[in-house]
Amino acid sequence: QITLKESGPTLVKPTQTLTLTCTFSGFSLTTSGVGVGWIRQPPGKALQWLALVYYNDDKRYNPSLRSRLTITKDTSKNQVVLTMTNMDHVDTATYYCAHRPEDRGVRGFDAWGQGTLVTVSS
Amino acid sequence: QSALTQPASVSGSPGQSITISCTGTSSDVGAYNYVSWYQQHPGKAPKLMIHDVTNRPSGVSNRFSGSKSGNTASLTISGLQAEDEADYYCDSYTSSTTWVFGGGTKLTVL
């Protein structure tokens, strides 16, 4: 059974850097084709894809947020970390991490964490 | 990177069929057969319903089906049930080697 769980601060101040950790189990991020991504959803709004890291450390970023995002993986801890710099009120959202099993020919996110609400406020 | 275009809302009665469209461009939906659909109930995480345009993950009802024509992908739900009432999102791979989601569609079962 695949599980993912997001952790990090629930409140950050404008201009601060957000660091979120995704801790997962049930799969390995060393398996060819596997990826873990981050997606966010502002309250009442649509999903927005942020970043993804593959098993081979191939990293992809949303072009509009590329300068503010960094995604890293720690396979020994089964964790993926997302950092977002210069946080603003518009970054208030629920942040999800999700599993992408392209090793099985699934080009979609087939397992999601419960999400963590991050509020940006002074 | 513009979001894919979905209707804001669709509705149908129990037992009916509905279709949700997802329109992109020749750089995303039209270029790749890598469109997915997600169902999201209020306060819950999204659930993968369709991947690679037409494929259903194990455990997803065969009432859900996907298709694509040109730059537009579609999700069809047949035999509507009350439990299908939710928000639905599409996503697609893009020529920038990234992904983009649609704006979401709220499905109401009358």
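None of these values were measured; they are calculated from a predicted model. (Residues numbered from 1 in each chain as written. Chains lettered and ligands numbered in written order. Predicted model: local features only at pLDDT ≥ 70, side-chain atom pairs only at ≥ 80, totals over all residues. Heavy atoms only, no water.)

### So, the overall build of chain B
Next, step 1: Scanning chain B for helices and strands turns up zero helices and nine strands.
Next, step 2: Reading chain B from its N end, one meets helices and strands in the order β-β-β-β-β-β-β-β-β.
Next, step 3: Compactness check: chain B gives a C-alpha radius of gyration of 13 Å against a globular reference of 13 Å for 110 residues, within 12% of the reference.
Next, step 4: Projected onto its principal axes, the C-alpha coordinates of chain B cover approximately 40 × 25 × 25 Å.
Next, step 5: Taking all contacts inside chain B whose residues are at least 6 apart in sequence as the whole, residues at least 24 apart take part in 55%.
Next, step 6: Taken as a whole, chain B presents about 4,700 Å² of accessible surface, with 45% of it coming from carbon and sulfur.
Next, step 7: Mean positive and mean negative side-chain charge positions of chain B (6 and 7 charges, respectively) differ by 5 Å. (Helix = DSSP H or I, 4+ residues; strand = E, 2+ residues; numbered from the N terminus. Rg over C-alpha atoms; globule rule 2.2 N^0.38 Å. Contact = heavy atoms within 4.5 Å. Areas by Shrake-Rupley, 256 points an atom, 1.4 Å probe, with all protein chains shown as cover. Lys, Arg positive; Asp, Glu negative; His and termini not counted. Charge placed at Lys NZ, Arg CZ, Asp CG, Glu CD.)

### Remarks on the sheet that holds strand β1 (residues 3-7) of chain A
All names here are of chain A.
Next, step 1: Ordered by their spatial adjacency, four strands build an open sheet running β1-β3-β8-β7, and the pairing between neighbours is antiparallel. Pairing within the sheet leaves two strands with one partner each, and these edge strands are β1 and β7 (69-74). Between one strand axis and the next, the sheet turns by 15 degrees as a mean value, whatever way the strands run.
Next, step 2: Pairing of β1 with strand β3 (residues 18-25), which is carried by five bridges, proceeds in the antiparallel orientation. By the bridge assignment, E6 is partnered in β3 with C22. (Pairing = 2+ DSSP bridges. Axes fitted to C-alpha atoms, helices over the stretch in contact; angles between N-to-C directions.)

### Structural notes on the interface of chain A and chain B
Next, step 1: On the chain B side, the residues contacting the 24 residues of chain A number 20 residues.
Next, step 2: For the pair chain A and chain B, the two sides together bury roughly 1,700 Å², of which 62% comes from carbon and sulfur.
Next, step 3: Considering only the surface of chain A that becomes buried against chain B, L47(A), W49(A) and R107(A) emerge as the three largest contributors, covering 34% of it.
Next, step 4: There are one salt bridge connecting chain A and chain B.
Next, step 5: Two residues, D52(B) and R107(A), come together in a salt bridge whose shortest N-O distance is 2.9 Å.
Next, step 6: For the side of chain A that touches chain B, the secondary structure elements donating two or more residues are β4 (34-41), β5 (48-54), β6 (59-61) and β9 (93-101) of chain A.
Next, step 7: The residue makeup of the side of chain A that touches chain B, split by class, is twelve nonpolar, six polar and six charged. (Buried area = accessible area lost by both parts, 1.4 Å probe. Salt bridge = Lys/Arg side-chain N within 4 Å of Asp/Glu carboxyl O. Nonpolar A, V, L, I, M, F, W, Y, C, P; charged D, E, K, R; others polar.)

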